[in-house]
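Residue-level listing of the chains:
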Amino acid sequence: MRNPLSERIVDIPFSGIRKFFDIAAEMQDVISLGVGEPDFDTPWHIRDEGIYSLEQGRTAYTSNAGLKELKIEIAKYLERRFQVSYGYDTELMITVGGSEAIDMAMRAMLDPGDEVLIPQPSYVSYVPCAILANGTPVIINLKEENEFRLTAQELKEAITSKTKLLVLPFPNNPTGAIMEKKDLEAIAEIVMEYDLYVISDEIYAELTYQQDHVSIASLPGMRERTVLINGFSKAYSMTGWRLGYACAPKVILEQMLKIHQYAIMCAPSTSQYAAVEAVKNGDEDVSGMREEYNGRRRYLMHRFTEMNLSCFEPFGAFYAFPCIREFGMSSDEFATRMLQEEKVVVVPGTAFGDCGEGFLRISYAYSLEKLEEALNRMEGFITKLRQ
Amino acid sequence: MMEMREKILTFIEKNSRVDLKQLAIMLGMEETAVANELAAMEEEHIICGYHTLIDWEKTSMEKVNALIEVRVTPQRGRGFDSVAERVYNYPEVNAVYLISGGYDLLVTLEGKTLREVAQFVSDKLSTLDSVLSTKTNFILKKYKDHGTVIAKPKEDERMLVSL
């Protein structure tokens, strides 16, 4: 029999957490700090709109780009929150989560040989999506000493004559790093100088704790070079609804939409009706959840300080990225042992790129009680290791 | 200052048992500042008490709860206050609200038995001079109380690990 598989696909590695999931799933009394989604339920008024749309029998396809009303509301929201303006009819499309938008953007923009700069540690889908789009991923290793921000120097050093695209994953999963306006201005300068494009994955834009998020698309000259990606999962606690969106100049967006039309058709209509309610009337829910996360974040950082565990202060998303080099173990080894000995699940930093070695991703999307119990166990583990 | 108070109140309204140190950490404030504010708000009676939300149905204690709609004649110069005071002074009365609409006072009551509640209404409440009429509604089941769903505690159904 012939090999049924594509070599290019087989060469892409599986994600690095399956092992932890398999071990943890077999254990009793496991406490997890390994989840990459909010712990809140979707606010009821949003769920209610989804249910209502079903009751009304609104179960047909929507237009490929998404419900007009939703696109109009998103355009207003982006203007109101991040001072970026997009035409709802030609520059904005609704996708199946931010993930689809990443895939569509890469496929629409890359030709074989084009290099895509991907700062790491970062979310796991950028590299495979670049490969699937025939591009060549080029990793930029971010540094803890820069609080895992991307510097203009690092960007410049990675650029070659083949570089076309830069992925900007901030606020960042897994590090919790943010990029402030001045950081983005330095990046924008280089992007324009070298005639690059940017995919700005801003899915955690609503979850920043020091100052409001700044979108690179809001900087002068950057709108026409940027595909802005955002969605409902993190801000409104709507991960399972699978709903995101992409904004870009028409020339890029219409090609993304073409692929979306053939591959996806349209995002789920129930989710779209619910999302209209979210983006119209959800600002208070978002700020309430942000306050909650912020309290847990402060508590987490305080505990790390008490444990004498080195960790830069994260100001975005709901992750912290402590350093565990002092224990002389790899991230994988540390995470595996902590799971086996203390039944606490965390994700090794290496799941998000080789430069995540020596770090762990700790999620604080958990109730305070759970967080406290998990951190007590972690403290016990660390104390044992130091003896 | 106001913002600080609001933050403290918003937090402890849902979780009054949090210890002072942890509260201060979570709010990003100094422990002594939080302690001072709490004391001041207790003094000013902004914080009126720290209670426990109990689902008595899960215990062997018998409790009967009733909501009583009361129509009253307001008194000259004192409005509804004096009759409200006469009602709320009974220890079995849990709450007394002045209500707009079809009646005047909403009284919530807790007794051990149906008979006890009935007796309170007929012997004590109805016999007050200014009380015109009462309508007693017994609570059959509490689904949600003080913003907390009692009927069905929430469980974390997320996967253990996701990226």
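Residues numbered from 1 in each chain as written. Chains lettered and ligands numbered in written order. Predicted model: local features only at pLDDT ≥ 70, side-chain atom pairs only at ≥ 80, totals over all residues.

Q: What am I meant to see in the interface of chain B and chain A here?
A: By a widespread convention, an interface's size corresponds to the accessible area lost as its parts come together. Listed by partner, the interface residues are 12 residues for chain B and 22 residues for chain A. Counted by class, the side of chain B that touches chain A contains seven nonpolar, three polar and two charged residues. (Contact = placed C-beta atoms within 7 Å. Nonpolar A, V, L, I, M, F, W, Y, C, P; charged D, E, K, R; others polar.)

Q: Looking at this model, I keep getting lost on the nonpolar core. Mind explaining?
A: Proteins that are soluble and globular tend to have nonpolar side chains buried together. Residues and elements named next belong to chain A. Core analysis: the biggest nonpolar cluster contains 126 residues, and Ala105, Ala246 and Met256 have the highest contact counts within it. Considering each element in turn, this core owes the most residues, seven residues, to helix H5 (residues 97–109). Per-domain counts for this core show at least three residues from each of domain 1 (7–42 + 284–386) and domain 2 (59–281). Look past the residues within four positions of Ala246 in its chain and what remains in contact with it is Met93, Thr95, Ala101, Met104, Ala105, Val227, Leu228, Ile229, Leu253 and Met256. (Core = buried A, V, L, I, M, F, W, Y, C linked by C-beta atoms within 7 Å. Buried ≥ 20, exposed ≤ 12 C-beta atoms within 10 Å, placed from the backbone. Helix = DSSP H or I, 4+ residues; strand = E, 2+ residues; numbered from the N terminus. Domains from an automatic or database assignment.)

Q: Which parts of the structure should I look at to understand the domain arrangement of chain A?
A: Residue and element names in this part refer to chain A. Partitioning chain A into domains gives domain 1 (7–42 + 284–386) and domain 2 (59–281). In this assembly, 34 residues from domain 1 lie in contact with 33 residues from domain 2. Considering only residue class, the side of domain 1 that touches domain 2 consists of 19 nonpolar, eight polar and seven charged.

Q: I tried to follow the packing of helix H4 (residues 68–82) of chain A against helix H10 (residues 269–281) of chain A on my own but got confused; where do I start?
A: The angle between the axes and the distance between the axes are what describe a pair of packed helices. Residues and elements named next belong to chain A. Two elements in contact, H4 and H10, have axes separated by 9 Å at closest approach and are oriented at 25 degrees. Accordingly, the angle class assigned to the pair H4 and H10 is roughly parallel. Viewed along their axes, H4 and H10 form a crossing whose handedness is left-handed. Here H4 contributes Glu69, Leu70, Glu73, Ile74 and Tyr77 to the contact with H10, which in turn contributes Gln272, Ala275, Val276, Val279 and Lys280. The class makeup of the residues in the contact of H4 with H10 is six nonpolar, one polar and three charged. (Axes fitted to C-alpha atoms, helices over the stretch in contact; angles between N-to-C directions. Parallel < 35°, antiparallel > 145°, perpendicular 65-115°, else oblique. Left-handed = near helix turned anticlockwise from the far one by under 90°.)

Q: Is there a simple way to think about the sheet that holds strand E11 (residues 347–348) of chain A in this case?
A: Picture the strands of a sheet paired through backbone hydrogen bonds; they go either parallel or antiparallel. Residues and elements named next belong to chain A. Taken in spatial order, the three strands of this open sheet run E9-E12-E11, and their pairing is antiparallel. The sheet is open, and its two borders are formed by strand E9 (319–320) and E11, each paired with just one other strand. In terms of strand pairing, E9 meets strand E12 (residues 360–363) through two bridges, oriented antiparallel. Within the sheet, the bridge partner assigned to Tyr319 lies in E12 and is Ser363. (Pairing = 2+ DSSP bridges.)

Q: Hey, could you run me through the sheet that holds strand E2 (residues 93–98) of chain B in this one?
A: Residue and element names in this part refer to chain B. Taking strand neighbours across the sheet as the criterion, the four strands line up as E2-E3-E1-E4 in an open arrangement whose pairing is antiparallel. At either margin of the open sheet sits one strand with a lone partner, and together these are E2 and strand E4 (131–138). Across this sheet, the average inter-strand angle for adjacent strands is 20 degrees, counted without regard to direction. Across seven bridges, the pairing between strand E1 (residues 64–72) and E4 is antiparallel. Bridged to Ala66 within E4 is Phe138. Against the sheet, helix H4 (residues 81–88) makes contact with E1, E2 and strand E3 (105–111), and its axis sits at roughly 165 degrees relative to E2, the strand it touches most.

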